[in-house]
Amino acid sequence: MAFAITQTCCTDATCVSVCPVNCIHPTPQERAFGSTEMLYIDPKTCIDCGACADACPVDAVFPVDSLTGGQREYADINAAHFEHAGTTSRAEARTPAVSGAAGLGPTFHPWGRPAFDRVLPPDFRPLRVAIVGTGPAGMYAAEDLLLHTRSEVTLVDRLPVAGGLVRYGVAPDHPATRKIDDTFARFRTHPRVRMHLGLDVGTGVTAEELAAHHDAVIYAVGAAADRRLGIPGEDLTGSLPATTFVAWYNAHPEVAPDAVDLSAGRVVVVGNGNVALDVARILVSDPETLAGTAIAGHALEELRRSTVREVVLLGRRGPEHAAYTRPELLALKHLPGVDLLVDDHDARIGATIDAAGAGDKAGLLQGVAREAVDWSLAPGAAGGRRRIVFRFLSAPVEVRGDEAVRAVRVTGGAGEREIPAGLALRAVGHRGVPPAGLPFDEDTGTVPHERGRVPGRPGTYVVGWIKRGPSGGIGANRTCAAETVGTLLTDAVAGVLPAPTGGPKAFRRLARRRRR
C-alpha cells in the first residue's frame, strides 16, 4: 500500500531526499518545483517503506489505507498528479541510467557528479554571520551555514518570540504546519548560535553596527505590510487588513487584544487566497474546536461572543483562477456545521464549474450548492447555519459607512450592488517594508539583489519574501536560502567580504543594552 502526501505539505522536500526509489515529485531539480501546490507520491512507484513519513517535518505523509474522512481524497490527488496530461514526473523518475536498464525501475535514473558547493577550504577561518529574522527563510539559511560550514551565527529578531510567519502567520487550527518550527528550534540552540530577541535593526541597533561586528549579514525580514485596495472607505472602523486579523488570533505583541470586534452578522473578505480561506474558516468554526489550539485567549473569547453567521469571499476573477490551493478548499468542504455556497450571480460562474475537469481548480466546486444570493436577507436567515459564500467575478469598489463599516459595494452581474456587512477584511497579499539602511524597490516591495547579494553593500544579503516577493510557501525558502548562502560563501572564498571591526562579545554587550 502506497503512502500519500496530504493537506499540510510544506514543500520542504526533506521527503524527497530520503526516498530510496525517487517516487516523490516534483523534486528541487525539476522545473515544476516551487510552482505546484504540494509534493506528490507516485502510488505505482512507492514501495511503502515509510521513510518519507518519518522525515516529514509537518506530519503530512500517511499510508493510503490509514486515511479517513476528507483525507481520503488525497490518495486520488497524489495519483492524479502523475496521470494528468502533461505531467512528466513519472517519466523523469523512470529515466534509465545505463543502456538496457529501461523498465528496471526508478532506482535506475542518472546521477550527476557529486557537488560540495557548501564547503569552505579546510584552512578557512569560521565566518561570523548575522541573520535578521527567525522565520523559515532565516532559519533555512542558518541551517545551511551550520551544517555545511564552521560559521558562527547570530540570530536577531525584533519580536520577543522566535518563529516569524510560522509563529504569527499560520492558523492555530493547523498545528501540523506549525511543527516545522520544531525542526528550526534545534538550530536556535546550536552551540555556534547566539540569539537576540526583541532587538530591532534600525531602532535598537543600526545596520552599520550589525555589519561592523560580522563578516556578513543576511536579511530575512519577510513582507510585514499588507497591500491596499485603494477604494473609498478603506480606513473606516471595521475595515482591516487580514494580516491584522491573523496577527490578532495568533497573539502578535504589536496587535491589541481588542483590535477585532465580531459583533457583525456578516463579514466580507476581499480575496480568495489561502489567507482569505484561513480567515473565513476561523470566523465560522465552532470556538470549542479551537480551544485546544494555540489560538490567543482574547481571540477565543471574542469568537465565543461572536455573532458572525456568514463570510463572503470576494474574488475578482472566476473560479478557474482562484488563488487558494486545493488542500485549503478541501478543508473548508469538510468543516463541521458550516455550509458552502457559490453565489450564482453571473452565468459564467456555473458554466465554468460544470465544464471543469477533475484536475481543474474550478472542478473542486462541483457539488457545492449554487444560488443567486438575496443580500437583503439577514445572515443565517435560511436555517440558521453558518456559511461561507464564494462570490466570483466581483470586486469591491467602496466600503460604505459613516464612521464604521455598514456595507461593501461590489461589482458583478448586471452592475454594482451593496452587500451589508459590519466587518471588511482585505486579504489581497503582503508587501515588503524597506529594511533600515538597505536599498528598496517600491514597485516590487523587495530589496534589489544579485542571487541574494545586495549590490553596493559588500557583505549584505537577502533571503525569503524580502528577496523574491511574497510568493511561495514554507519549503520554497529552502532553495531560496541555498542560493543566498551559496553566493555568500563564494564571496567569502573570493575575499570580498569586509572584515568585522568588532568581536562577538562586544556585540552581545551592545545587544543587551539595546533590546526592548
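Up top is the structure these notes are about.
The residue numbers shown here count from 1 along each chain, following its written sequence. Owing to the predicted nature of the model, reporting of local features is limited to residues with pLDDT of at least 70; listing and counting of side-chain atom pairs is limited to 80 or more, with chain, interface and lining totals taken over all residues. Heavy atoms throughout the structure, all of them, feed into the side-chain values; hydrogens and water do not.

### What about the sheet that holds strand β5 (residues 128-132)?
Item 1. On the basis of which strands lie adjacent, the open sheet formed by five strands has the order β7-β6-β5-β8-β21 and parallel pairing. Where the open sheet ends on each side, the last strands, each with one partner, are β7 (193-197) and β21 (460-462). For this sheet the average axis-to-axis angle between neighbouring strands, irrespective of direction, equals 20°.
Item 2. Lying on the sheet, helix α17 (residues 476-494) is in contact with β5, β8 (216-219) and β21; it crosses β21 at an angle near 165°.
Item 3. Contacts are assigned to residue pairs with any non-hydrogen atoms lying within 4.5 Å of each other. Inter-axis angles, ranging from 0 to 180 degrees, are taken between N-to-C directions of lines fitted to C-alpha atoms, where helices are fitted over the stretch in contact. Here a helix means four or more residues in a row that DSSP labels H or I, a strand means two or more in a row labelled E, and each is numbered from the N terminus. Strands in contact with helix α18 (residues 504-514) are β5, β6 (152-157) and β7; relative to β7, the strand with the most contacts, it is inclined by about 20°. Paired strands are those between which DSSP finds at least two bridges.

### Regarding the nonpolar core
Item 1. Membership of the largest hydrophobic core comes to 106 residues, with the highest contact counts inside it found for I24, I131, F245 and F390.
Item 2. Those residues in contact with I24 that sit more than four places away from it in its chain are I5, C15, V16, C19, L39, Y40, I41 and C52.
Item 3. Within the second largest apolar cluster, 19 residues are counted, among which are V132, L210, V447 and I466. By convention a nonpolar core is built from buried Ala, Val, Leu, Ile, Met, Phe, Trp, Tyr and Cys residues, the set being connected through side-chain atoms within 4.5 Å. Accessible area is worked out with a 1.4 Å probe on protein chains only. A residue is then buried under 20% of its type maximum, exposed over 50%, and partly exposed in between.

### Remarks on the packing of aromatic side chains
Item 1. Note on aromatic contacts: the rings of Phe and Tyr and the six-membered ring of Trp form a pair at centre separations within 6.5 Å, being stacked when their planes are under 30 degrees apart, edge-to-face when over 60 apart, and tilted otherwise. What the rule picks out here adds up to five aromatic pairs.
Item 2. Ring geometry for F245 and Y249: centres 5.4 Å apart, planes at 90°, overall edge-to-face. Of this pair, F245 and Y249 both sit in helix α10 (residues 242-249), four residues apart, roughly one helical turn. A single burial state applies to F245 and to Y249, both of which are buried.
Item 3. Ring geometry for Y324 and F390: centres 6.0 Å apart, planes at 65°, overall edge-to-face. With Y324 in the loop between β12 (310-314) and α14 (326-333) and F390 in strand β15 (residues 386-391), the pair connects residues that are 66 residues apart, well separated along the chain.
Item 4. Look at F390 and you get buried, because its relative accessible area is 0%.
Item 5. In textbook terms, an aromatic cluster arises when at least three aromatic residues are bridged by ring pairs, as seen for F245, W248 and Y249.

### What about the packing of α10 against helix α11 (residues 274-284)?
Item 1. It is the contact of α10 with α11, at a shortest axis distance of 10 Å, that shows an interaxial angle of 50°. Taken as axis vectors, α10 and α11 run oblique relative to one another. For α10 against α11, the interelement crossing comes out left-handed. Residues A242, F245, V246 and Y249 of α10 pack against V275, D278, V279, I282 and L283 of α11.
Item 2. Residues are grouped as follows: nonpolar covers Ala, Val, Leu, Ile, Met, Phe, Trp, Tyr, Cys and Pro; charged covers Asp, Glu, Lys and Arg; every other residue, Gly included, is treated as polar. Per-class residue counts for the contact of α10 with α11 are eight nonpolar, no polar and one charged. For classification, angles of less than 35 degrees are called roughly parallel, those exceeding 145 degrees roughly antiparallel, those between 65 and 115 degrees roughly perpendicular, and all remaining angles oblique. Left-handed describes a crossing whose near helix is turned anticlockwise from the far helix by less than a right angle; the clockwise case is right-handed.

### A short note on the sheet that holds β15
Item 1. Strands sit in the order β10-β19-β11-β12-β15-β13-β14 across an open sheet of seven strands; the sheet is parallel. Only two strands of the sheet have a single neighbouring strand rather than two, namely β10 (239-241) and β14 (369-371). The mean angle between the axes of side-by-side strands here comes to 25°, regardless of whether they run parallel or antiparallel.
Item 2. Here five bridges tie strand β13 (residues 338-343) to β15, and the two strands are oriented parallel to one another. Within β15, the position partnered with V338 by the bridge is R386.

### Quick word on unusual backbone geometry
Item 1. Look at the link from H25 to P26: it is a cis peptide, with omega at -5°.
Item 2. The topology assignment puts P26 in the loop between β2 (24-25) and β3 (40-41).
Item 3. You will see that A251, though not glycine, has its phi angle at about 60°, which is positive.
Item 4. One can find A251 in the loop between α10 and β11 (266-270).

### Overview of the side chain of S151
Item 1. Inspection of the secondary structure puts S151 in the loop between α5 (136-148) and β6.
Item 2. With relative accessibility at 1%, the residue S151 sits in the buried group.
Item 3. If we skip the residues at most four places from it in the chain, S151 touches L127, L145, L146 and R192.

### Digging into a positive patch on the surface
Item 1. Patch construction takes residues with relative accessible area above 30% that form no salt bridge. Like charges are linked within 9 Å, and nonpolar side chains (Val, Leu, Ile, Met, Phe, Trp, Tyr) are linked within 5 Å. Values of accessible area rely on a 1.4 Å probe in the Shrake-Rupley scheme; residue burial ignores everything except the protein chains shown. Basic side-chain nitrogens of Lys or Arg form a salt bridge, by our definition, when they fall within 4 Å of a carboxyl oxygen of Asp or Glu. Positive residues here are Lys and Arg, negative ones are Asp and Glu, while His and the chain termini are left out of the count. Every charge is mapped to an atom, namely NZ of Lys, CZ of Arg, CG of Asp or CD of Glu. On the surface, a cluster of positive charge is contributed by K505, R509, R512, R513 and R515.
Item 2. Counting through the fold element by element, K505 comes out in helix α18.

### Concerning helix α15 (residues 347-355)
Every α-helical turn comprises 3.6 residues, leaving residues that sit three or four positions apart pointing alike.
Item 1. Listed as buried for α15 are I349, G350 and I353. Around the axis of α15, the buried residues are gathered within 90° of arc, so they sit on the same side. Turned more than 90 degrees away from the buried face of α15, the exposed residues are A347, R348 and A355. The arc in question is traced by the directions running from the helix axis to the C-beta atoms.

### What to know about α18
Item 1. Taken as a whole, α18 has its buried residues at F507, L510 and A511. Here the buried residues of α18 occupy an arc of 100° about the axis, which is enough to place them on one side. Away from the buried face of α18 by more than 90 degrees, exposed residues K505 and R513 are located.

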